[in-house]
Amino acid sequence: MKTPVSIVVAVAAFAAAAFAHAQVPGYGPPINLDTAKKVAAGAAAEARNNKWSVVIAVVDTHGELVYLERLDDTQVASVNIALGKGRTAARFKRPSKALQDALAGGGAGLRILQLEGAVAVEGGVPVIMDGKIVGAVGVSGVTSEQDGQVARAGAGVVK
Amino acid sequence: MRTRPALTLADVKKITSAAEAEAIRNKWNVAIAILDDGGHLVGFVRMDGATPANADIAVQKGRSAAMSRRSTRNWEERIAAGRMAVLKMPVLPVTGGLPMFVEGECVGGVGVSGVQSHEDEQIAQAGIEAIGASAERRTGA
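Residues numbered from 1 in each chain as written. Chains lettered and ligands numbered in written order. Predicted model: local features only at pLDDT ≥ 70, side-chain atom pairs only at ≥ 80, totals over all residues. Heavy atoms only, no water.

Draft legend 1. Highlighting the pattern of salt bridges. Under the definition given, this model contains 15 salt bridges over all chains. In this structure, Asp36 of chain B and Arg70 of chain A form a salt bridge, with 3.3 Å as the shortest nitrogen-oxygen distance. Separated into two different chains, Asp36 of chain B in strand β1 (residues 31–36) and Arg70 of chain A in strand β3 (residues 65–70) make up a pair that spans both. For Arg70 of chain A, a relative accessible area of 14% puts it in the buried group. Across the pair Lys61 of chain B and Asp120 of chain B runs a salt bridge whose closest N-O atoms are separated by 3.0 Å. In this pair, Lys61 of chain B is assigned in helix α2 (residues 52–68) and Asp120 of chain B in helix α4 (residues 117–129), connecting sequence segments 59 residues apart. Judged by its relative accessible area of 2%, Asp120 of chain B falls in the buried class. In this structure, a network of salt bridges that share partners links the residues Arg4, Asp37 and Arg69 of chain B. (Salt bridge = Lys/Arg side-chain N within 4 Å of Asp/Glu carboxyl O. Helix = DSSP H or I, 4+ residues; strand = E, 2+ residues; numbered from the N terminus. Buried < 20%, exposed > 50% of the residue type's maximum accessible area, 1.4 Å probe, protein only.)

Structure (structure tokens):
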């Protein structure tokens, strides 16, 4: 007997959703200063290699500041934006790009604008150690995609 | 057109290193914030053991000092002397924030929070000295 396509699709979608949910890491202990500095150094190296001026903010699991540096000549607005992106990634346990994508989808995606304090712009990425979220890094100063690239370079320094 | 000095990231790192070293020397855990002369954050370090509240307070002290070109001790003392109106000003009147003057120009401020206020200020002072800055505008020589 052939399985109806609709049932296959429904099962696959359910499995994918369940699997995706199982992927969200739990919170670990908040990032310490030494680790935060390493993350920022990784991000700064990526920015410098590309000659980008950015603000790099590292926050703990609560979204509170642990470390920040502003590379020379970065636009002033980027201080608060980088902080906002980092907070978003920590407090929503996902890259801020996920919120950007949901918003860009339009329709019901517009509800993202109602989430107080959420910065739905790419550039904030959770920092994960031993499978747990210990904080996040937020970057602002160039295009969102470039900010995201710098942030991922920073977060990628720790495992 | 006149020229004036401005903080670079290299300066910021000298300040945070010196301030952190002073804190470590005394076994203090603090948050240290460096602001430019417009009150915008250019550097920040929160040592392990400093609280999230310290993070917020250090930034506020540093911003108050940078933007008012006065130590936050100055504002705290004015209130203690009876000038209650200062409470309506956009400054945090708690000792621990210092402006930074270089060649007579204010280039920003340093705010520290985590230990007793005068100790916070001690750490901030160590920081600003690392770039040869003074907490007061010097006139003349």
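Draft legend 2. Up close: the packing of helix α2 (residues 33–49) of chain A against helix α5 (residues 144–155) of chain A. All names here are of chain A. Packing of α2 against α5 brings their axes to within 7 Å, and their N-to-C directions diverge by 140°. Accordingly, the angle class assigned to the pair α2 and α5 is oblique. You can see that α2 and α5 cross each other, and the crossing is right-handed. In this structure, α2 contributes Val39, Gly42, Ala43, Glu46 and Ala47 to the contact, and α5 contributes Gln149, Val150, Ala153, Gly154 and Ala155. (Axes fitted to C-alpha atoms, helices over the stretch in contact; angles between N-to-C directions. Parallel < 35°, antiparallel > 145°, perpendicular 65-115°, else oblique. Left-handed = near helix turned anticlockwise from the far one by under 90°. Contact = heavy atoms within 4.5 Å.)

Draft legend 3. Region of the structure containing the packing of helix α1 (residues 9–25) of chain B against α4 of chain B. Residues and elements named next belong to chain B. At their nearest, the axes of α1 and α4 sit 7 Å apart, and the two run at 140° to each other. Overall, the two elements α1 and α4 adopt an arrangement that is oblique. Judged by the sense of rotation from one axis to the other, the crossing of α1 with α4 is right-handed. Where α1 abuts α4, its residues Ile15, Ala18, Ala19, Glu22, Ala23 and Arg25 lie against Gln122, Ile123, Ala126, Gly127 and Ile128. By residue class, the composition of the contact of α1 with α4 is seven nonpolar, two polar and two charged. (Nonpolar A, V, L, I, M, F, W, Y, C, P; charged D, E, K, R; others polar.)

Draft legend 4. View of the nonpolar core. Residues Ile56 and Val137 of chain A together with Ile34, Met100 and Val110 of chain B are the most contacted members of the largest nonpolar core, which totals 49 residues. When residues of this core are assigned to their parent elements, the largest contribution, seven residues, is made by α2 of chain A. In this structure, Val79 of chain A together with Leu35, Phe44 and Val59 of chain B belong to the second largest nonpolar core, which totals 20 residues. (Core = buried A, V, L, I, M, F, W, Y, C linked by side-chain atoms within 4.5 Å.)

Draft legend 5. Main features of the interface of chain B and chain A. Taken together, the contact pairs 17 residues of chain B with 16 residues of chain A. Of the roughly 1,400 Å² buried at the junction of chain B and chain A (both faces included), carbon and sulfur atoms supply 54%. Glu20 of chain B is the salt-bridge partner of Lys37 of chain A, the closest N and O atoms lying 2.7 Å from each other. Our count for the contact surface shared by chain B and chain A stands at 11 residue pairs in polar contact (both at pLDDT 80 or more). Elements supplying a minimum of two residues to the side of chain B that touches chain A: α1, β2 (41–46) and α2 of chain B. The element that contributes the greatest number of residues to the side of chain B that touches chain A is β2 of chain B, accounting for six residues. Of the residues that constitute the side of chain B that touches chain A, the class distribution is nine nonpolar, three polar and five charged. Note that β3 of chain A and β2 of chain B share three bridges and pair antiparallel. Within the sheet, the bridge partner assigned to Leu68 of chain A lies in β2 of chain B and is Phe44 of chain B. (Buried area = accessible area lost by both parts, 1.4 Å probe. Polar contact = N/O pair within 3.5 Å; in protein donor to acceptor, adjacent residues only side chain to side chain. Pairing = 2+ DSSP bridges.)

Draft legend 6. Here's a closer look at the packing of aromatic side chains. Enumeration according to the criterion identifies zero aromatic pairs over all chains in this entry. It is Lys93 of chain A that lies over the ring of Tyr27 of chain A; its NZ or CZ is 5.0 Å from the centre. (Phe/Tyr/Trp six-rings, centres within 6.5 Å; stacked < 30°, edge-to-face > 60°. Lys NZ or Arg CZ within 6 Å of the ring centre and 35° of its normal.)

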